[in-house]
Amino acid sequence: MNDTTTQNSETKGVSRRRFITGTGSLIGAAAIAGHAPGAWADARAAAVPIGSGAHVPVLVVGTGYGGSVAALRLAEAGADVHMVEMGMAWDTPGADGKIFANTTRADDRSFWLRTRTKQPLSNFLGFPLDKDVDRFTGILDAEEFGGITVYQGRGVGGGSLVNGGMAVTPRRENFGAILPTVNAAEMYSTYYPRANSGLGVTTIDPAWFDSVDCYQYARVGRKHAQRSGFPFLFVPAVYDWDYMKQEAAGAVPKSALDGEILYGNNHGKKSLQKTYIDRIRATGRVTISPLHKVTKVTPAPGGGYTVLIDQLDTGGRTTVTKTVTADKVFFAAGSVGTSKLLVGLKATGALPLLNDEIGRGWGDNGNVMCGRANHLWDPTGKVQSSIPTGGIDNWDAGGAFAEIAPLPTGIETWASFYLSITKNPHRARFTWNAAAGKAELDWQTAWKQPSIDAAKTIFDKINQKEGTIYRTDLFGVYKIWGDHLTYHPLGGAVLDKATDNYGRLHGYSGLYVIDGALIPGNTSVNPFVTITALAERNIERIIATDL
């Protein structure tokens, strides 16, 4: 990175130098036991990332929900584990005193290796929102394929850093369509409760919800839903509600009430850093190397696997390529990351025995977004909590579950905004483009139409009842539907197809998939609790039988 780039960045109030430290590795339980996150900074700064030539019993590729579950349970069982993460550690404040950028003020911390932001809401009141930024290993990846943009978290904690925190367990009657080969009774009696406990899931106090200004938008959404005959559901979340109450009272720095969510949350949100990863660090058996990207996995001559890893700088450039050996490898790079990596490894001959199910069964969880323009007597509030707490359930009748989402602009908009999860039947496939040297996805934009149709079963009826209209200024010019994206990628290495029924990859002993790639395209609700619960189920069996 040259001096001019650094100077330009610092002029905007964002210093690059803060990110050079924080390799995120752990050097022992004695240094951190009993301390809150952040108290182990001296130990972390003294640690070094994984070295070339190293041998590790277990390598976990990715630090999101599945990878964090696997690393914790393996360490508790006595295994030494190394985790590699393509993104940064996100543990060092910038020049503005904050680790994460504000949702309404995107900067180079906000996006992964882009020179222009690509915000999910591209327009507002007729004006485009995207702007030029310096290329940087930021927190949100807007990865573009032929027919869809897939938003993914980049950093230690994966998607937990950037999602809305809605921690939803699917209705049990829907589970058979989500994971048909998994015992639902075990999931609902053991693994969903274990996941919810580990993630710190709680539900908002309904009385406080009814009284506080920051949820006026959700109360308007509830009123409109109920007047049209749709049930409103309080949805659990991973936010510290006591902290949010203090935010509302002006007693602590604002976080959710300052619109922080899309590019990270600086205070009250319980991301994986504060739950599973905090417990991982306390074991003393797990090390983490951020800014490390796995590019190749091949069987090693003496057993186990030879793994090639690129170490990146904050401009995304490879500074060194390392070769390590691992006895077992867990792929937990997220649905897209795991699928792309496995498709490439099969096609290039690194892992030719992977079966033909690799890359198949990918879906967008039926995501589609829209906004409605309310009447002047239905304001939604200037201050809106960025943590959604309510949903509209029309899954049985119309194939849609709609999150009543915030629009934290800081001004009154009279707008209701929604992210819908729908019964979209379309599934895409990752394939390898040998000429381009990369994996591609065959998703088609037209495949979003079933999602739009399902969402319309809710919002057409509400508009008719309320005498309101759709907003046309959020996703372009005169465009109603946000049908170009997903926040919830799922599938690509489907359970009991690309793997056995516990995530063991067919063709290779000691290779596992442990993330959202196992789930074939849809969970009927926000997926991270299901990803976590499935990982808890699978790793319990793997520890019992394979270690």
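Residues numbered from 1 in each chain as written. Predicted model: local features only at pLDDT ≥ 70, side-chain atom pairs only at ≥ 80, totals over all residues. Heavy atoms only, no water.

**Quick look at the pairing of strand E16 (residues 430–433)**
Put simply, side chains in a regular strand alternate between the two faces of the sheet. Defined as follows: Between any two strands, at least two bridges found by DSSP are needed for them to pair. Helix and strand assignments come from DSSP, with helices taken as H or I runs of at least 4 residues and strands as E runs of at least 2, each series counted from the N terminus.
As judged from the four bridges shared by E16 and strand E17 (residues 438–441), these two strands associate in the antiparallel manner. Bridging from a neighbouring strand, Trp432 pairs with Ala439 of E17.

**Some details on helix H13 (residues 449–466)**
The α-helix advances 3.6 residues per turn, and as a result positions three or four apart in sequence lie on the same side. Rules: In a helix, the anticipated span is given by 1.5 Å times the number of residues less one.
Relative to the 26 Å expected for 18 residues at 1.5 Å per residue, H13 spans 25 Å between its end C-alpha atoms, a close match to the ideal helical length. Positioned one or two residues after H13, Gly467 has a phi angle of 70°, which is positive.

**Some details on the packing of aromatic side chains**
Definition in use: Each Phe, Tyr or Trp ring, with Trp reduced to its six-membered ring, pairs with another whose centre is within 6.5 Å; inter-plane angles below 30 degrees give stacked pairs, above 60 give edge-to-face pairs, and intermediate values give tilted ones. Burial status follows relative accessibility: with a 1.4 Å probe on protein chains alone, a residue under 20% of its type maximum counts as buried, one over 50% as exposed, and anything between as partly exposed. Criterion for a charge above a ring: Lys NZ or Arg CZ within 6 Å of the ring centre, and within 35 degrees of the ring normal.
Under the criterion given, the structure shown has 22 aromatic pairs. Ring centres 5.9 Å apart and planes at 35° place the aromatic pair Tyr215 and Tyr217 in the tilted group. Residue Tyr215 is classed as buried on the basis of its relative accessible area, which comes to 0%. Assessed through its relative accessible area of 3%, Tyr217 is described here as buried. An aromatic cluster of at least three residues, connected via ring pairs, comprises Trp208, Phe209, Tyr215, Tyr217, Phe232 and Phe234. For the cation-ring pair, Arg279 lies above Tyr276, with the distance from its terminal atom to the ring centre recorded as 5.8 Å. One cation-aromatic arrangement involves Lys461 over Phe230; the distance from NZ or CZ to the ring centre is 5.2 Å.

**Quick notes on the sheet that holds strand E5 (residues 140–144)**
Read across the sheet, three strands follow the order E5-E6-E19 without closing on themselves; strand pairing throughout is mixed. Either end of the sheet is taken by a strand with one partner, and the two such strands are E5 and strand E19 (485–486). In this structure, E5 lies alongside strand E6 (residues 149–153), joined through five bridges in antiparallel fashion. Paired with Asp141 across the two strands is Gln152, which belongs to E6.

**A few points about the side chain of Ser524**
Our working definition: Here a residue-residue contact requires only that any non-hydrogen atoms of the pair lie within 4.5 Å.
Structurally, the position occupied by Ser524 is in the loop between strand E20 (511–513) and helix H14 (528–546). Excluding its chain neighbours within four sequence positions, the residues that come into contact with Ser524 are Pro170, Asn174, Ile178, Asn365, Trp395, Phe401 and Ile421.

**Section: helix H9 (residues 241–249)**
Condition: Directions pointing from the helix axis toward each C-beta atom define the arc. Counting of polar contacts relies on pairs of N or O atoms within 3.5 Å, with two restrictions inside protein: one atom must be capable of donating a hydrogen and the other of accepting it, and residues adjacent in sequence are counted only when both atoms are side-chain atoms.
Considered for burial, the residues of H9 that qualify are Trp241, Tyr243, Met244 and Glu247. Looking straight down H9, one finds that the buried residues subtend no more than 155° of arc, so they occupy a single side. Turned more than 90 degrees away from the buried face of H9 sit Asp242 and Ala249, all of them exposed. Check the buried side of H9 and you find it contacts helix H7 (206–211). At the N-terminal end of H9, a side-chain oxygen is found 3.1 Å from the backbone nitrogen of Asp242, two or three residues along, and the residue is Asp240.

**Describing the pairing of strand E12 (residues 368–373)**
Extensive coverage of E12 is indicated by the burial of five of its six residues. Here six bridges tie E12 to strand E15 (residues 415–422), and the two strands are oriented antiparallel to one another. Across the sheet, the residue bridging to Gly371 is Phe417, located in E15.

**Observations regarding the confidence of the model for the protein**
Atomic detail in the predicted coordinates should be set aside for any region of low pLDDT. Here is the rule: On a range of 0 to 100, pLDDT expresses the predictor's confidence in each residue.
Looking at the protein as a whole, its pLDDT mean stands at 91, while 91% of the residues score no less than 70. By mean pLDDT, helix H2 (residues 29–32) is the weakest element of the protein at 26, and E20 is the strongest at 99. Taken as a whole, residues 1–46 scores under 50 in pLDDT and shows 83 contacts with residues more than four places along the chain or in a different chain.

**Examining the pattern of salt bridges**
The cut-off we apply is this: Basic side-chain nitrogens of Lys or Arg form a salt bridge, by our definition, when they fall within 4 Å of a carboxyl oxygen of Asp or Glu.
Taken as a whole and judged by the stated rule, the model has 31 salt bridges. One salt bridge connects Lys448 with Asp364, and the closest N-O pair in it is separated by 2.5 Å. A residue pair is termed long-range when its members are at least 10 positions apart, and Lys448 in the loop between E17 and H13 and Asp364 in the loop between helix H11 (334–347) and E12 qualify at 84 residues. Using a relative accessible area of 0% as the deciding quantity, one classes Lys448 as buried. We classify Asp364 as buried; its relative accessible area is 0%. Here the salt bridges share partners, and the residues they tie into one network are Arg73, Glu76, Arg279 and Glu536.

**Section: the packing of helix H6 (residues 184–199) against H14**
Worth spelling out the cut-off: Between the N-to-C directions of two axes lies an angle of 0 to 180 degrees, each axis being a line fitted to C-alpha atoms and, for a helix, fitted only over the stretch in contact. Should an angle fall under 35 degrees it is taken as roughly parallel, and over 145 as roughly antiparallel, whereas 65 to 115 is taken as roughly perpendicular and any remaining angle as oblique. Working rule for handedness: look at the near helix, and if it is turned counterclockwise from the far one by less than a right angle, call the crossing left-handed; if clockwise, right-handed. We call Asp, Glu, Lys and Arg charged. Ala, Val, Leu, Ile, Met, Phe, Trp, Tyr, Cys and Pro are nonpolar, and the rest, Gly among them, are polar.
Close contact between H6 and H14 brings their axes to 8 Å; oriented N to C, the two are set at 115°. As judged from the angle between their axes, H6 and H14 are roughly perpendicular. Considering only the axes of H6 and H14, their crossing is right-handed. The residues of H14 that touch H6, namely those facing Met187, Tyr191, Tyr192, Arg194, Ala195, Asn196 and Leu199, are Phe528, Val529, Thr530, Thr532, Ala533, Leu534, Glu536, Arg537 and Glu540. Of the residues assigned to the contact of H6 with H14, the class counts are nine nonpolar, three polar and four charged.

**Focus on the environment of Gly157**
Considering the arrangement of structural elements, one finds Gly157 in the loop between E6 and helix H5 (175–178). A C-alpha to C-alpha distance of 9.2 Å links Gly157 and Trp90, two positions 67 residues apart in sequence. Every residue in contact with Gly157, bar those within four places of it in the chain, is listed here: Thr63, Gly64, Leu272 and Ile277.

**Topic: the nonpolar core**
Side chains of nonpolar character tend, in soluble globular proteins, to be buried together. Operational definition: In this text, buried Ala, Val, Leu, Ile, Met, Phe, Trp, Tyr and Cys residues form a nonpolar core when linked through side-chain atoms within 4.5 Å.
Within the largest apolar cluster, 89 residues are counted, with the highest numbers of intra-cluster contacts made by Phe330 and Phe331. Here this core takes eight residues from H14, the largest share from any one element. Those residues in contact with Phe330, other than ones at most four positions away along the chain, are Val58, Leu59, Val60, Val61, Ala70, Leu74, Tyr512, Ile514, Ile539 and Ile542. The next biggest cluster of nonpolar side chains, apart from the first, holds 68 residues, and it includes Trp90, Phe209, Phe417 and Ile452.

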